[in-house]
Amino acid sequence: MSTKLTPPIEKLIEQVKQATELGSSYVIEGHATKSAIWKPEKGDLLSTKALNQVVEYDPSELVVTVQAGVSIVALEALLAESGQRLSFEPPLYAGQSPENKGTVGGMIASGLAGPRRPWSGGVRDSVLGLHLISGRGEYLRFGGQVMKNVAGYDVSRLMVGAMGCLGLITQVSLKVQPLPQGVSCYSWACSTTELLDRYAGWQRSMNPISGLAHDGSRAYLRLEGGLDSCSLFASRNDLTRCTGIKNNGDFWAGLRNHSLPFFEGDLPLWRLSVPPLTDLASVLESHSVSYLMDWAGAQYWVRAEQTDFLRQLVTQHGGSFCSYSCTNESDLNVAGSARGSVALGDMNGSILLIHQRLKSAYDPNGVFNVGALHESF
Amino acid sequence: MTIAHDERIDGPLSGWQRHELLAMFEKCLPAHCILSADEELKPFECDGLSAYRSQPQLVILPDTKEQLIVLVKCCAENKVPIVPRGAGTGLSGGAMAIDGGVMVSLTRMNQILNIDERRMTAKVQPGVRNLAISEAVQNLGLYYAPDPSSQIACSIGGNVAENAGGVHCLKYGLTVNNVLGVECILADGSLVQVGGDCLDNPGFDLLALLHGSEGMLALVTEVTVKLLPKPELCRTYLVSFDDVEKAGRAVGAVIGKGIIPAGMEMMDKLAIQAAEDFAHAGYPRDAQAVLICEMDGETSDVESLDAPLRAILTEEGATEIRMARTPEEQRKFWLGRKSAFPAVGRLAPDYYCMDGTIPKRQLPSVLKGIAALSEKYNLAVANVFHAGDGNLHPLILFDANIPEQLNKAEALGGEILALCVQLGGCITGEHGVGREKINQMCIQFEGSELEQFLATKKAFDPQGILNPNKNIPTLARCAEFGAMHVHDGQLPFPELERF
Ligand SMILES: Cc1cc2nc3c(=O)[nH]c(=O)nc-3n(C[C@H](O)[C@H](O)[C@H](O)COP(=O)(O)OP(=O)(O)OC[C@H]3O[C@@H](n4cnc5c(N)ncnc54)[C@H](O)[C@@H]3O)c2cc1C
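If you're wondering where the values come from, they're calculated on a predicted model, not measured in any experiment.

Student: In this structure, what is going on with the overall build of chain B? I would like to understand it.
Tutor: Within chain B, the regular secondary structure consists of 19 helices and 18 strands. Over its C-alpha trace chain B gives a radius of gyration of 23 Å, about what one expects of a compact globule, namely 23 Å for 499 residues. Taken along the three principal axes of its C-alpha coordinates, chain B extends 65 × 60 × 45 Å. When the 499 residues of chain B are sorted by exposure, 62% land in the buried category. Put simply, 71% of the contacts in chain B that link residues at least 6 apart link residues at least 24 apart. Summed over its atoms, the accessible surface of chain B is roughly 17500 Å², and 51% of this surface lies on carbon and sulfur atoms. Between the centroid of the 43 positive side chains of chain B and the centroid of its 64 negative side chains there is a distance of 3 Å.

Structural data, given as structure tokens:
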């Protein structure tokens, strides 16, 4: 089925074709809110601003289709009008202006998900289909607007976290979910180890947990679900009697959007991705670094000058780490830049080869975001 | 146009003869892993789509991944095509043998390697049956969520290769949403880990790309799956309608009001009657359609949704809402649905199962369209749908012994899939393209998109030895199929080389 292309898309295609001819490259830009976590080598800015349409939204389908330049804030507002939301809580990092907190295209390309990730899935789990302009300037459509689709390879999900290296995403169809009836948040003082042990027990039966974090001294728990199941869970586990702020919704927004005081200041910020329920507290404390545990122990945020021990730590746990302060050149050299990027030399040879071949399959002339994911492409 | 391999448009076959292949593998693999006698090969001549048969020249049954690596390296060196096969329950001919190639059955690699109770994951070999995982963790109160109707037989390796769904994937997701990592062998014989125990990994999301790739990008040798706690309460409703279209609209209404059932299945009159004759599930024979709606979760949530659910269904015109009162009754409600295929199989000597998907709001239109096509071809169609996620399984009834009936059934099926595409859906929701829907891919995608798929395949498998010629048609095939869209008055691909 062919698609009628709109003038903004035709113009982008033209620009891509031009770059191919000239041998030049682009840096794809939405709201430029994620410059701290990635750094392509070179190129003229190619903005997705003109792609600002909501293509289709029918709440009873649980699917929304929007163009890449639509802001995440606007998309979430649209969904909220019909009592729905994105399940993966994309972070809204502060941008150049208050309204510019990230575009849908950047959300897909960076593949970043918020505190709800372990329970509701990541960006990739919500992507149903997308359109993109390849490095050859071809307009391609993959997946669709339906919940299930196994026709051809799952190229749509391949674009999630690819940092725009494989093409310019022009529109995407996302699975959405109804807002929960009840939300409640709890916080109390305890150790990270204690919290994780408690969670290990909780998760063995049905529970409404949708956030589990620790800041080195306090536990933070968020419940979302039916009104009854949230209050029952809280009373069964004595959560109502916990001291501290009860409705600490601000904490969760701050964790999601990196606006907590923890994220302020100049000390380099690192993200560690490790298996769920990994307890890094004692090691991190022994190095006297401040940290935030998120995702029930599958994601840690760490402020540290020195990284040797971080590298050791993630290797030991089969995880990975990356810099969240890419403005700092030296950090880039010790860890990768983007969420999906890799510290130099860390990738298995055969897998790296596949990455390089995929890059040439989608963007043979290196038009898009060169070096954003790996130095070799 | 037939789906059979046509060297002119699908490319040349390898030309290897059975004795040559046998000599090749006898050198590097133990004899008990190699099947070469006709009577041993017979069971491998088709998968669950029995209308298409082609006996493999050789079947290898490795016991270990080390043997598999040896095999792949040998194939890579000699350019021998490899057709992976799990339990052979696939419904699109994905595990259909190719001349000049070797079939690799992974059923002997069927061990559950590790259950991590604390992290709630299981690491299993590819030949482990889907249901065996849930059985192995039942004592822990856990289960593996994706539940294809073939779950007693199908393998987890096959599930990954097809991105299998199930009756509960509306709420719990498909295979891709429930697998954390796989270990696999690439086309050059190297063993790699893709994904793992973390929630994300550096680099491209190759794990997602491997799901549904039909054994064409890598051979899966280990799978790490997520386990979930069993729901506290599970309620099953059998809802009758006097009109199929009303039933279709009710599905959208329930979901649109924010209620996500664990499963939402729909059957039409022909399917209801067949199922009732077969399973005596107590289905209402006079209904034009039934919905089987399952609500699960925490007790209080499931209970509190009972009244709103009934209200919506009633408003949408349900003539009867029955909630299973006992586990026995619940089992019966599902028995009817789960035996729908064999039940319909008794209505006619053969049936052909389709797998299109559509946006839910199109259910009424697609039902009308299917009825009209059924009349046009004069073949009955029974409809069984995973209605909650818009996945249709129209079952076309025919008799392969009557000349031309298989062709008619294929043509009718092809038109149903084209209708799904036209209504904004796709040609396959969970059964895969395999060889069966190779021509319909030309309707779903444009030439440039198919070329991108072929390039993706090449990035993994430059020599094209892994399950070649499945899933993605050559442009030459599409040009001949004649369904390519004409651009700017130009004929599609006049310049294309014919092999
Ligand atoms: C009665 C019936 C009901 C069904 N219901 C459903 C359903 O509800 N939902 C659903 O999704 N499907 C359903 N199916 C289809 C089928 O069961 C699934 O597609 C299943 O995932 C196939 O698994 P298998 O082990 O039988 O794979 P096979 O049929 O053996 O192979 C399927 C594909 O996987 C590849 N493959 C197999 N193992 C590997 C491996 N280890 N590495 C790489 N590639 C591999 C093969 O090459 C082939 O392309 C049903 C089938 C039947 C017969």
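Student: I'm lost on the pattern of salt bridges in this one. Help?
Tutor: Here the idea is simple: oppositely charged side chains can pair when their charged atoms come close. Applying the stated criterion to the full structure yields 41 salt bridges over all chains. The salt bridge involving glutamate 89 of chain A is made with arginine 222 of chain A; its shortest N-O contact spans 2.9 Å. With glutamate 89 of chain A in the loop between strand E5 (84-85) and helix H3 (104-110) and arginine 222 of chain A in strand E12 (residues 218-225), this residue pair connects regions lying 133 residues apart in the sequence. The exposure class assigned to arginine 222 of chain A is buried, which follows from its relative accessible area of 5%. Put simply, glutamate 222 of chain B and lysine 65 of chain B hold a salt bridge, and the shortest N to O gap is 2.8 Å. With glutamate 222 of chain B in strand E10 (residues 219-226) and lysine 65 of chain B in helix H4 (residues 65-78), this residue pair connects regions lying 157 residues apart in the sequence. Overlapping salt bridges, with partners in common, bring together Arg85, Glu89, Arg116, Arg222 and Glu224 of chain A in one network.

Student: How do you make sense of the site of the ligand when you look at a structure like this?
Tutor: Residues and elements named next belong to chain B. Around the ligand lies a shell of 32 residues, among which Pro84, Gly86, Thr89, Ser150 and Ser155 are the nearest. At 2.6 Å, a side-chain N or O of threonine 89 approaches an oxygen atom of the ligand. If the ligand stood free it would expose 970 Å²; the protein chains cover 93% of that surface. Counting residues per element, the ones that place at least two in the shell around the ligand are strand E3 (82-85), helix H6 (156-162) and E10. For the shell around the ligand, the leading source of residues is H6, giving 5 residues. Structurally, the shell around the ligand is a two-domain feature, drawing no fewer than three residues from each of domain 1 (5-105) and domain 2 (112-229).

Student: Would you mind going over the side chain of aspartate 147 of chain B with me for this structure?
Tutor: Take aspartate 147 of chain B: it is sitting in the loop between strand E7 (142-143) and H6. In this structure, aspartate 147 of chain B is in contact with Gly165, Gly166, Val167 and His168 of chain B, ignoring residues within four places of it in sequence.

Student: Please explain the domain arrangement of chain B as it appears in this structure.
Tutor: Reports of interface size often rely on the accessible area that becomes lost once the parts have come together. All names here are of chain B. Considered domain by domain, chain B is made up of domain 1 (5-105), domain 2 (112-229), domain 3 (232-345), domain 4 (348-437) and domain 5 (441-496). Each of domain 2 and domain 4 was reduced to a C-alpha centroid, and the two centroids are 29 Å apart. Counting residues at the interface gives 7 residues for domain 2 and 8 residues for domain 4. In total, about 560 Å² of surface goes out of reach between domain 2 and domain 4, with carbon and sulfur atoms giving 46% of it. Three residues, Glu162, Leu170 and Glu214, lead the burial of domain 2 against domain 4; their summed loss comes to 58% of the area buried on that side. Counting across the domain 2 and domain 4 interface gives 0 salt bridges. Broken down by class, the residue content of the side of domain 2 that touches domain 4 amounts to 3 nonpolar, 2 polar and 2 charged.

Student: When you look at the interface of chain B and chain A in this model, what are you seeing that I'm missing?
Tutor: Listed as interface residues are 93 residues of chain B and, on the opposing side, 81 residues of chain A. Looking at the side of chain B facing chain A, the largest losses of area belong to Arg118, Leu199 and Phe204 of chain B, adding up to 13% of the total buried there. Our enumeration of links across chain B and chain A arrives at 10 salt bridges. The partner of arginine 204 of chain A in a salt bridge is glutamate 117 of chain B, with the nearest N and O atoms 2.9 Å apart. For the interface between chain B and chain A, the tally reads 31 residue pairs in polar contact (both at pLDDT 80 or more). Secondary structure elements with two or more residues in the side of chain B that touches chain A: helix H7 (169-172), strand E9 (191-195), helix H8 (206-210), helix H9 (244-256), helix H11 (299-304), helix H16 (405-422), helix H17 (441-444) and helix H18 (447-460) of chain B. Broken down by element, the residue count for the side of chain B that touches chain A peaks at 10 residues, all from H18 of chain B. In terms of residue class, the side of chain B that touches chain A is made up of 41 nonpolar, 32 polar and 20 charged.

Student: Help me out: how do you make sense of empty space enclosed by the protein in this one?
Tutor: Using a probe with the size of a water molecule, rolled over the atoms, empty space left in the structure can be pinpointed. Enumeration according to the criterion identifies 6 cavities of 30 Å³ or more in this entry. Put simply, the largest cavity is a space of about 190 Å³. Residue lining of the largest cavity: 19 residues in total, with Leu128, Asn149, Val150, Asp154 and Arg157 of chain A positioned closest to the centre. Elements with a minimum of two residues in the lining of the largest cavity: strand E6 (127-133), strand E7 (139-143) and helix H6 (155-158) of chain A. Grouping the amino acids of the lining of the largest cavity by side-chain chemistry returns 10 nonpolar, 7 polar and 2 charged. In this model, the second largest cavity occupies a volume close to 60 Å³. Around the second largest cavity, the lining residues are Glu56, Tyr57, Asp58, Glu61, Val63 and Gln145 of chain A together with Pro359 and Arg361 of chain B. Tallied by class, residues from the lining of the second largest cavity come to 3 nonpolar, 1 polar and 4 charged.

Student: Please clarify how the packing of H9 of chain B against helix H15 (residues 363-377) of chain B should be interpreted in this entry.
Tutor: Packed helices, taken two at a time, are described by the angle between their axes plus the distance between the axes. Residues and elements named next belong to chain B. Taken N-terminus to C-terminus, the directions of H9 and H15 make an angle of 150°; their axes are 8 Å apart at the nearest point. Classed by the angle they form, the pair H9 and H15 counts as roughly antiparallel. In this structure, H9 crosses over H15, and the sense of that crossing is right-handed. On H15, the residues that touch Val244, Glu245, Gly248, Arg249 and Val251 of H9 are Leu363, Pro364, Leu367 and Lys368.

Student: Explanation requested: the state of the cysteines in the structure shown.
Tutor: In protein structure, a disulfide is the covalent linkage between the sulfur atoms of two cysteines. Residues and elements named next belong to chain B. All told, the structure shown has 1 disulfide over all chains when counted by the stated rule. Across the disulfide from cysteine 442 sits cysteine 478; the S-S distance is 2.1 Å. Note on the cysteine 442 and cysteine 478 pair: the S-S dihedral is about -80°, so by sign convention the disulfide is left-handed. Taken together, the positions of cysteine 442 in helix H17 and cysteine 478 in helix H19 (residues 475-481) put the pair 36 residues apart, joining distant regions of the chain. According to the relative accessible area criterion, cysteine 478 is buried, its value standing at 0%.

Student: How should I be thinking about helix H13 (residues 327-338) of chain B in this particular structure?
Tutor: Residues three or four positions apart in an α-helix share a direction because the helix packs 3.6 residues into each turn. All names here are of chain B. Given a rise of 1.5 Å per residue, 12 residues ought to cover 16 Å, and the 16 Å separating the end C-alpha atoms of H13 matches this to within 8%. Looking at H13, one finds that the buried residues are Gln330, Phe333, Trp334, Gly336 and Arg337. The buried side chains of H13 occupy one side of the element, clustering within an arc of 150° when seen end-on.

Student: What is the right way to read the domain arrangement of chain A from this model?
Tutor: Residues and elements named next belong to chain A. Domain boundaries assigned for chain A yield domain 1 (7-178 + 356-362) and domain 2 (182-344). Its C-alpha centre places domain 1 at a distance of 26 Å from the equivalent point of domain 2. On the side of domain 2, 26 residues touch domain 1, which itself brings 25 residues to the contact. Taken together, the two surfaces of domain 1 and domain 2 that pack against each other cover about 2000 Å², and 53% of this comes from carbon and sulfur. Remark: the boundary between domain 1 and domain 2 carries 4 salt bridges. Of all the elements, helix H4 (residues 117-120) adds the most residues to the side of domain 1 that touches domain 2, at 3 residues. Counted by class, the side of domain 1 that touches domain 2 contains 14 nonpolar, 5 polar and 6 charged residues.

Student: Whenever I open this one, the environment of leucine 22 of chain B confuses me. Can you help?
Tutor: Residue and element names in this part refer to chain B. Tracing the backbone shows leucine 22 in helix H2 (residues 18-26). Each C-alpha atom of the pair leucine 22 and aspartate 6 lies 25 Å from the other, and the pair is 16 residues apart in sequence. Leave out the neighbours within four places in its chain, and leucine 22 touches Ile34, Ser36 and Leu58.

Student: Sorry, what's going on with the sheet that holds strand E18 (residues 391-398) of chain B here?
Tutor: Where strands meet in a sheet, backbone hydrogen bonds hold them as pairs that are either parallel or antiparallel. All names here are of chain B. The strand order E15-E12-E14-E13-E17-E18-E16 describes an open sheet built from 7 strands, whose pairing is antiparallel. Two strands bound the open sheet, and with one partner strand each, they are strand E15 (320-323) and strand E16 (350-353). Shown here is a sheet whose adjacent strand axes are inclined to one another by a mean of 15°, direction ignored. Along the sheet, helix H10 (residues 269-279) contacts strand E13 (263-268), strand E14 (289-297), strand E17 (381-386) and E18; its crossing angle with E13, the most-contacted strand, is approximately 95°.

Criteria and thresholds
- Residues numbered from 1 in each chain as written.
- Chains lettered and ligands numbered in written order.
- Predicted model: local features only at pLDDT ≥ 70, side-chain atom pairs only at ≥ 80, totals over all residues.
- Heavy atoms only, no water.
- Helix = DSSP H or I, 4+ residues; strand = E, 2+ residues; numbered from the N terminus.
- Rg over C-alpha atoms; globule rule 2.2 N^0.38 Å.
- Buried < 20%, exposed > 50% of the residue type's maximum accessible area, 1.4 Å probe, protein only.
- Contact = heavy atoms within 4.5 Å.
- Areas by Shrake-Rupley, 256 points an atom, 1.4 Å probe, with all protein chains shown as cover.
- Lys, Arg positive; Asp, Glu negative; His and termini not counted.
- Charge placed at Lys NZ, Arg CZ, Asp CG, Glu CD.
- Salt bridge = Lys/Arg side-chain N within 4 Å of Asp/Glu carboxyl O.
- Near = heavy atom within 4 Å.
- Polar contact = N/O pair within 3.5 Å; in protein donor to acceptor, adjacent residues only side chain to side chain.
- Domains from an automatic or database assignment.
- Buried area = accessible area lost by both parts, 1.4 Å probe.
- Nonpolar A, V, L, I, M, F, W, Y, C, P; charged D, E, K, R; others polar.
- 1 Å grid on protein atoms, 1.4 Å probe; cavity = no way out; pocket = protein on both sides within 12 Å on 5 of 7 lines; lining within 4 Å.
- Points joined across faces, edges and corners; volume = space filled by probe spheres on them.
- Axes fitted to C-alpha atoms, helices over the stretch in contact; angles between N-to-C directions.
- Parallel < 35°, antiparallel > 145°, perpendicular 65-115°, else oblique.
- Left-handed = near helix turned anticlockwise from the far one by under 90°.
- Disulfide = S-S within 2.5 Å.
- Expected span 1.5 Å × (residues − 1).
- Arc of directions from axis to C-beta.
- Pairing = 2+ DSSP bridges.

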